[in-house]
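Each chain is listed here by its residues.
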Amino acid sequence: MAADKQNDAKLSSMDENKENSPDGGLGLEILQIIKESQQQHGLRHGDYQRYRGYCSRRLRRLRKTLGFRMGNRHKFIGKKITVEMLSDSRYLLLVLMEAERAWSYAMQLKQEANTEPRKRFHLLARLRKAAKHSEKLEKLCESPRVDAKTKLEAQAYTAYLTGMVEFELQEWKLAMEAFNKCKTIYEKLASAFTEELAVLYRQRVDEISPNIRYCAYNIGDQNAINDLMQMRLTGGGGGMMAEKLEALITQARTKQAATMSEVEWRGRSVPVKIDKARIFLLGLADNEAAIAQTANEETKEHLYETLLAECRDTIQAVREELKSEAKQRERSSDADSSKVSNLQFLHSYLTYIKLCTLVKRNESMAHTLQAKLKEPEADENKRGPRPQDLIRLYDIILQSLAELAALQGLEDDHTFQKEVSLKTLVYKAYRCFFIAQSYVLVKKWSEALVLYERVLKYAKEVQSKAKSLNNTLKDLPDVQELIAEVNAEKYSLQAAAILDTDETAEVPSQQQQLKDNTPLCKRLETFRLDPALVGKQPNLVQFPPDFQPIPCKPLFFDLALNHVAFPPLDDKVEQKGKGGLTGYIKGIFGFGS
């Protein structure tokens, strides 16, 4: 809480500079203020409650500073900001914070409305309140005391909040008009001011664009659905649009899925009765086309993850149907259990899609790592890619291919099994190549040379088997290029091994010296360059020192004691009396003392 208050104080001092225009009129950087406040107070992590608390504290400080309090702690007295009061731009900031507080509360309720639908009514009330405060801000900015830029920003802000209200009410035409107005104003502002401000305006335009396309689709523009699908695949339309885009695209595919009855794969037609499977198979071609067109690696990785997530959900739905089918088979003993059912074959097809997508994704990641591996390292302290990273990727690819070969219903498909075995050989060759590269780094020349020979053996086996299978190597890495690279690496490896042997023969004494762990205090008479002396653990003296023998303390034994004759002490020892009863009586009366 203390950290939030310190940040509030810093922001308030920064905003004082943004609330004054250099030409003498009142100015307010509306978009810049709200963006910085949102990023620093919770919205970076989607915490609208924290941002609402910040807006409340900010309002309290502004009212206290301006002397614009609403009564006292005992009684509320409402006040309105009028145009005549605009002697300070902080009055505009006061209205802006009221709108932001209502908007953040509405967004908080939107998150909670997923589990509590009744909160949607409160959400709409807070959004209307935010739009009302923004309209009030726009009216205040119509004053001649306010500069033109602030007027335009106030109009854009009002249009944005109005569009949000209409969007939630599903008044698509009115929402689209409001968002278009907001987009136009921000585009004009972006072209008129500095690059720093233009970036903010363009970001706001990018935020609004998915809403406009969504409204256009709901109005009846069928071309907007393609833009929305592309936006969803590339990770656009975040925030409040993400769920709506997902629902919209699912709805569009559901309409198309009604006409889809079967799918053909490996020469067999399989009826598709599960709606989720129909929707996934209809969108598969679009997803693969989007992946093929994408050049950015991060975007491509996101597309692969999206496709794999959808595929896993579809496979899970088919598994549930398979469980019920298995129970029915148990009841009917006449059924032929050896034959693969249509549902099982559909499950194999979906698993095939998932495993092939995994192979393509890992191969794409391997290509990226290979390109980085060939680049020189810019920063020595930063760990770059290593051949071991590629080995792990090819291990995953080989595991996926092993699962492909074991798919149910394809055990007797010899062509499919040959294709899978050929792909396995190709990726084994690449895996073996990078294992050899890792041995080269640690100067294990003989092991690396044997592995290079193994790569050539795999590559020649691939070339001999590929002649019988046409169009199989199109989607696989180029084996001929791998052979050429291995031959080049073999020659460089042999040269490096010879040079390493010569260096070992020339400087045996230096290696001996380097292995010598004698401390510096014992070899002061010999000069040797030892980098360890300037390191963190220099070998200066031996500590703790070795034990040294010292003379022990002598032991004394009293041997004469056994031969000494001591004088008698009988007269010194008191003799005990033998008086009996008489002595006892004398002792009582004191006669014996």
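Residues numbered from 1 in each chain as written. Predicted model: local features only at pLDDT ≥ 70, side-chain atom pairs only at ≥ 80, totals over all residues. Heavy atoms only, no water.

Attention now goes to the overall build of the chain. Within the chain one finds 19 helices and two strands. Taking the contacts inside the chain whose residues are at least 6 apart along the sequence as the reference set, 65% of them involve residues at least 24 apart. When the accessible surface of the chain is totalled, it reaches about 36,800 Å², and 52% of it is carbon and sulfur. (Helix = DSSP H or I, 4+ residues; strand = E, 2+ residues; numbered from the N terminus. Contact = heavy atoms within 4.5 Å. Areas by Shrake-Rupley, 256 points an atom, 1.4 Å probe, with all protein chains shown as cover.)

Attention now goes to the packing of helix H3 (residues 48-66) against helix H4 (residues 90-112). For the pair H3 and H4, interaxial distance at closest approach is 8 Å and the crossing angle is 160 degrees. Taken as axis vectors, H3 and H4 run roughly antiparallel relative to one another. Our pair here, H3 against H4, has a crossing hand that is left-handed. Looking at side-chain class alone, the contact of H3 with H4 contains 13 nonpolar, six polar and seven charged residues. (Axes fitted to C-alpha atoms, helices over the stretch in contact; angles between N-to-C directions. Parallel < 35°, antiparallel > 145°, perpendicular 65-115°, else oblique. Left-handed = near helix turned anticlockwise from the far one by under 90°. Nonpolar A, V, L, I, M, F, W, Y, C, P; charged D, E, K, R; others polar.)

Another aspect to go through is the pattern of salt bridges. For side chains of opposite charge, pairing can occur when their charged atoms come near one another. On inspection of all chains with the given rule, the structure shows 17 salt bridges. Ionic pairing is found between Lys149 and Glu29, a salt bridge with its closest N-O pair at 2.9 Å. You can see Lys149 sitting in helix H6 (residues 148-168) and its partner Glu29 sitting in the loop between helix H1 (2-18) and helix H2 (30-40), a full 120 residues away along the chain. When sorted by exposure, Lys149 lands in the same class as Glu29, which is buried. Close ionic contact of Glu168 with Lys110 constitutes a salt bridge, the shortest N to O distance being 3.1 Å. Taken as a pair, Glu168 in helix H6 and Lys110 in helix H4 lie far apart in primary sequence, 58 residues in all. (Salt bridge = Lys/Arg side-chain N within 4 Å of Asp/Glu carboxyl O. Buried < 20%, exposed > 50% of the residue type's maximum accessible area, 1.4 Å probe, protein only.)

Burial of strand S1 (residues 262-265) is one-sided: the residues Val263 and Trp265 facing one way are buried, the residues Glu262 and Glu264 facing the other way are not. Sheet topology places S1 next to strand S2 (residues 268-271); four bridges connect them, and they run antiparallel. By the bridge assignment, Glu262 is partnered in S2 with Pro271. Here S1 hands over to S2 after two residues, with Arg266 in that stretch at a positive phi of 55 degrees. (Pairing = 2+ DSSP bridges.)

Let us look at the environment of Met164. Position of Met164 among the secondary structure elements: in helix H6. Expressed as a C-alpha distance, the spacing of Met164 and Ala130, which sit 34 residues apart in the sequence, is 10.0 Å.

This next bit is on the packing of aromatic side chains. Counting across every chain of the model gives 18 aromatic pairs. Note on Tyr51 and Tyr54: the rings are 6.1 Å apart at their centroids and 25 degrees apart in plane angle, and the pair reads as stacked. Taken as a pair, Tyr51 and Tyr54 lie in helix H3 at a separation of three residues, close to a single helical turn. With respect to burial, Tyr51 and Tyr54 carry one shared label: buried. Ring plane angle 35 degrees and centroid distance 5.0 Å describe the contact between Trp265 and Tyr349, whose orientation is recorded as tilted. Of this pair, Trp265 sits in strand S1 while Tyr349 is found in helix H13 (residues 342-374), placing the two residues 84 residues apart along the sequence. Considered together, Trp265 and Tyr349 belong to a single accessibility category, that of buried residues. Through a chain of ring-to-ring contacts, the aromatic side chains of Tyr394, Tyr427, Tyr430, Phe433, Phe434 and Tyr452 assemble into a single cluster. For Lys149, the ring lying beneath its charged end belongs to Phe193, and the centroid distance is 4.5 Å. The residue whose ring lies beneath Arg268 is Phe345, and the NZ or CZ to ring-centre distance is 4.5 Å. (Phe/Tyr/Trp six-rings, centres within 6.5 Å; stacked < 30°, edge-to-face > 60°. Lys NZ or Arg CZ within 6 Å of the ring centre and 35° of its normal.)

Below, the discussion takes up unusual backbone geometry. Between Phe543 and Pro544 the backbone carries a cis peptide bond, its omega angle lying at -5 degrees. You will see that Arg266, though not glycine, has its phi angle at about 55 degrees, which is positive. Examined against the element boundaries, Arg266 turns out to sit in the loop between S1 and S2. Classification of Arg266 by relative accessible area gives partly exposed; the value is 31%.

In contact at an axis separation of 9 Å, H13 and helix H14 (residues 387-405) are set at 165 degrees when each is read in the N-to-C sense. Relative to H14, H13 is oriented roughly antiparallel. For the crossing formed where H13 meets H14, the hand is left-handed. Residues Tyr352, Leu355, Cys356, Leu358, Val359, Asn362, Glu363, Met365, Ala366, Leu369, Gln370 and Leu373 of H13 pack against Pro387, Asp389, Leu390, Leu393, Tyr394, Ile396, Ile397, Ser400, Leu401, Glu403 and Leu404 of H14. For the contact of H13 with H14, the residue count by class is 17 nonpolar, three polar and three charged.

Moving on to the side chain of Lys35. When you line up the elements, Lys35 lands in helix H2. Its relative accessible area of 13% is what places Lys35 among the buried residues.

This paragraph deals with the confidence of the model for the chain. Summarising the model, the chain shows a mean pLDDT of 80, and 80% of its residues fall at 70 or more. The secondary-structure element of the chain with the lowest mean pLDDT is helix H18 (residues 508-515), recorded at 48, while helix H5 (residues 119-141) shows the highest, at 93. Note on residues 507-513: pLDDT under 50 across the span, and two contacts to partners over four residues away in sequence or across chains. (pLDDT = per-residue confidence, 0-100.)

What follows covers helix H7 (residues 172-192). Along its 21 residues, H7 runs 30 Å from first to last C-alpha, staying within 8% of the 30 Å computed at 1.5 Å per residue. Inspection of H7 places Trp172, Ala175, Ala178, Phe179, Cys182, Ile185, Tyr186, Leu189 and Ala190 among the buried residues, and these make up the whole buried set. Axial view of H7: buried residues confined to an arc of 165 degrees, hence all on one face. Of the exposed residues in H7, those oriented more than 90 degrees away from the buried face are Lys173, Lys188, Ser191 and Ala192. For H7, the elements touching its buried residues are H2, H6 and helix H8 (195-219). (Expected span 1.5 Å × (residues − 1). Arc of directions from axis to C-beta.)

Moving on, we get to H5. Look at H5: 33 Å from first C-alpha to last across 23 residues, which is about the 33 Å you get at 1.5 Å a residue. Those residues of H5 not exposed but buried are Leu123, Leu124, Leu127, Ala130, Ala131, His133, Ser134, Leu137, Glu138, Leu140 and Cys141.

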